[in-house]
Amino acid sequence: MARWCYRHRLLVVLLWLAALIGVGAAATSAGTNYANQFSLPDTDSKRAYDLLEKAFPQTSGDTDTVVWKVDDGKVTDTAVRTRIEPALKKIAGMDGVGEVVGPYGGKRGAAQISEDGRIAYAQVTFTKQADALPKELVQDVVDTAQGAEQQGLQVELGGQAIQRVEEPPTGLAEIVGLGAAAVILFLAFGSLLAMLLPLCVAVFGVGIGDFGIQLLSHGTNIPDLAPLLASLIGLGVGIDYALFIVTRHRRGILRGLDPEAAAMTALNTSGRAVLFAGGTVCIALAGMLVTNLRFLDGVVIGTTLTVVLSVLAAVTLLPALLGLFGTRVLSRRQRRKLAADGPETTPERTTGLAARWSAQVQKRPRRTATLAVVVMAVLAVPVLSLRLGTVDQGNDDTTTTTRQAYDMLAEGFGPGFNGPLQVVVDGGDSAALVKGIESTDGVARAAALPPAHGVSLIQVVPTTSPQSKETSQLIDRLRDDVIPEAGVTAHVGGVTAVSKDFATVTGDRLPLFVGTIIALGFLLLLLAFRSLVVPLTAAVMNLVAAAASFGVLVAIFQWGWGLDLLGLGKEGPINAFLPVIMLSLLFGLSMDYQVFLVSRMHEEWVHTRDNARAVRVGLAETSRVINSAALIMVAVFVAFVLSGNSGAAMAGVGLAAAVALDAFILRTALVPAAMHLLGRSNWWLPAWLDKRLPHLAVEPAEDAEPPAPAAAEADGTAGAWGANGAGSSAGTGRSAVHGFVRDADGRPVEHASVTLLSKGGGRRLDGVTSLADGSYIVAAPAPGTYLLTVTAALYGARAQRVEVGDAPLVYDVELRPGEVDVIG
């Protein structure tokens, strides 16, 4: 597939462009139809809503407010009334508005004027819920109300429907995130074109994904938060996946491969890892479905679609772009060096900070692990006070009309007005219930509407804000004590009650969800690494990372530490849906890093059976790439603070903290330290279980097709190629010997001459030269005893008798400078 995309690169690019333009045009013409359905079956708030819809169809819709304030005088002055009353009358006559209740009509209206007479409000009740209302209607209401403004008279609007038309401009967070990623990529690659490659992959994946979500919103319920979250995760994984492939591609060119062969090698190795990583992210996202929360179904659809498109772009569009750019993916300095000195021939050496840190972890694993655990534990402490709920419009930007209306109502009528409760009485006399509610602690006022069809509606205004803990406790008191004492059948509804029920159901189902994704992660790593300890360690690490990242969230958004710096209003509860979404994404992303880290360790373990060496080499060779990828994701996620959406901002900060802690502390400190302490038991798997488990390999098979015929030796003998050293004899059915040639420090030895001789050493049967990673493979004519010789410049020579059976023999060779070890 990589070869086809590379050779038909112009066609592939045009197909992706056509897909982006076509889906974009269709989505633009169709518009959006997002639906935020938080109501849940078998909850008290849902039963209240059903009764309202049946008995008061004209008032069962969303209720929003028009609030006005005068600088001087009172809102009852003639100059004010002559401006406001015509606007309210016009709003009441709009199609889709069920009722408008203003402050200028009798005793009930007087309650809608503040005690100082400077603030008043009118209630606008639509015939439908906010998510079902056309934005044109809501915008007409906003324009009509604010058209009554004049100097000294401020008019603002609040409510769920109003908030939908106050959404900030889209794209700012994505642009800032891409800009930050571009800077990091340019510093890493030193090439403008190489920097553009991951960005192009991310733009195509996220762009088509967002347009696709818009189209899907017309056929299924998708919340308006879905495209934001999809963009957030799509940008992160799209850039990271392309980064892994481009890095491998550039390395291949520097080692002497032509661009096509380098691209195929990169896609056949790093591309496979990307497919595996993308699959784990999709599985993690699908884990949200076990919660049976219908609101999250649309989130799963949107985010999964974007991840799938990002992976497809990485494995199809990226090789086409590599073909267009050729060697220009290298920096100018690298191209000049390649032209002057030729391909790099010395073994790649792992030096610098990564190697020193890896050695330090091996030297002091207990101290490293203890320090990492202490840091994570301290960060996790705030999670003990985690409170799920929903933020209100007090968290909107201060420039929006919803935030200004919120503040004005809180100033004139108390904070509880922004979250009124609806107590719906099914038959019976509601007078006793009204008196009981009025005398309940935490209730500012209660008013009953005239009954209809045997159903009465009581509007209850709490003394506290909708997101406060005291309001949640008031709902419990009404349901558990006040309503039963009144002897009537009644249910507590309204937006605040729906949010509370959603948070309760989410919290109840969270253990099942966590158990599901941990079990999935355990199973995937068990199959990939044939070990019980490695997936168990990963599961524990995922829980530690989740606790610490949620601790950061609680400290910032619930306790308010540094919240002003983010410009997101006041502190409040953590969004009820956030734990499920964050844990899904965290699980998928941490699996990427775990696979990338441990797969290199596992490769070294298979060839050396030295756990300390495997952990040291694996950490030294992968930590830099993991940290670079994590830094890009952190930059992208933090940029979503600028989205203007409190839910997306909260998810961005939480995921940025989770990725940073996972990459910089867990994967580069705690995981390798724990593996050093566990020793050989890291790779333990009972024999009976090993026989029964299917084999799942991230790396390409040993008999993979060669990327280029030029990899064979000029003398016509079997050549070696690819990341695994697969040669032409690997697919012939003959016996074979394969492995790696390394020096005493475990570094690969390239261009070593590997020869298979007959038992007496008199006849040459096969020969190859080792690749850049030290891999080789030679073919034996039949099972038996042979002599394997290995020589390399700057090193000595080794020879060893090998027993070759029907299955390929894995045999690694270690060379030392000046050493000659020949067996006759």
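Parameters at a glance
Residues numbered from 1 in each chain as written. Predicted model: local features only at pLDDT ≥ 70, side-chain atom pairs only at ≥ 80, totals over all residues. Heavy atoms only, no water. Helix = DSSP H or I, 4+ residues; strand = E, 2+ residues; numbered from the N terminus. Buried < 20%, exposed > 50% of the residue type's maximum accessible area, 1.4 Å probe, protein only. Contact = heavy atoms within 4.5 Å. Pairing = 2+ DSSP bridges. Axes fitted to C-alpha atoms, helices over the stretch in contact; angles between N-to-C directions. Polar contact = N/O pair within 3.5 Å; in protein donor to acceptor, adjacent residues only side chain to side chain. Phe/Tyr/Trp six-rings, centres within 6.5 Å; stacked < 30°, edge-to-face > 60°. Salt bridge = Lys/Arg side-chain N within 4 Å of Asp/Glu carboxyl O.

### Things to note about the overall build of the chain
Step number 1: Each helix and strand counted, the chain has 25 helices and 21 strands in total.
Step number 2: For the chain, buried positions account for 56% of its 824 residues.
Step number 3: Of the contacts made within the chain by residues no fewer than 6 positions apart, 76% connect residues no fewer than 24 positions apart.

### Overview of the sheet that holds strand β9 (residues 490-493)
Strand pairing within a sheet occurs via backbone hydrogen bonds; the two strands may be parallel or antiparallel.
Step number 1: Here four strands make up an open sheet; going across it, the order is β7-β8-β6-β9 and the pairing antiparallel. The strands lining the two open edges of the sheet, one partner per strand, are β7 (443-448) and β9. On average, adjacent strands in this sheet sit at an angle of 20 degrees to one another, irrespective of strand direction.
Step number 2: As defined by bridge partners, β7 adjoins strand β8 (residues 455-462) across five bridges and the pair is classed as antiparallel. The residue bridging Ala-446 from the neighbouring strand is Val-460, located in β8.
Step number 3: Contacting β6 (421-426), β8 and β9, helix α3 (residues 44-55) runs over the sheet at an angle of about 100 degrees to β9.

### So, the side chain of Gln-558
Step number 1: Relative to the elements of secondary structure, Gln-558 occurs in helix α20 (residues 533-558).
Step number 2: Among the polar contacts listed, one links the side chain of Gln-558 to the backbone oxygen of Ser-385, at a separation of 2.5 Å.
Step number 3: Side-chain polar atoms of Gln-558 contact the backbone nitrogen of Arg-387, separated by 3.1 Å.
Step number 4: For Gln-558, the contacting residues outside a window of four places in its chain are Ser-385, Leu-386, Arg-387, Leu-553, Glu-571, Gly-572 and Ile-574.

### Brief notes about the packing of aromatic side chains
Step number 1: Tallied over the entire structure, the rule returns seven aromatic pairs.
Step number 2: On the basis of an interplanar angle of 35 degrees and a centroid distance of 5.7 Å, the ring pair of Phe-413 and Phe-417 is categorised as tilted. The same class applies to Phe-413 and to Phe-417, which are both buried.
Step number 3: Here the aromatic rings of Trp-605 and Trp-683 are separated by 5.8 Å at their centres, their planes lie at 15 degrees, and the arrangement is stacked. Here Trp-683 lies in the loop between α24 (646-678) and α25 (687-692) and Trp-605 lies in helix α22 (residues 578-608), a separation of 78 residues in the sequence.
Step number 4: With a relative accessible area of 9%, Trp-683 lands in the buried category.
Step number 5: Pairwise contacts between aromatic rings join Tyr-121, Phe-413 and Phe-417 into one cluster.

### Section: the pairing of β9
Step number 1: Here β9 shows a buried face lined by Ala-490 and Val-492 and a second buried face lined by His-491 and Gly-493.
Step number 2: Pairing analysis gives four bridges linking β6 to β9, with the strands arranged antiparallel. Directly across from Val-425, in β9, lies its bridge partner Ala-490.

### Observations regarding the pattern of salt bridges
Step number 1: Across all of its chains, the model carries 14 salt bridges by this definition.
Step number 2: In this structure, the salt-bridge partner of Asp-50 is Lys-46, at a minimum N-O distance of 2.9 Å. With Asp-50 and Lys-46 both in helix α3 and four residues apart, the pair spans about one turn of that helix.
Step number 3: Asp-50 sits in the partly exposed class, given a relative accessible area of 34%.
Step number 4: Several salt bridges share partner residues, and in doing so they unite Asp-44, Arg-479 and Asp-501 into one network.

Nothing here speaks to function; it is geometry throughout.
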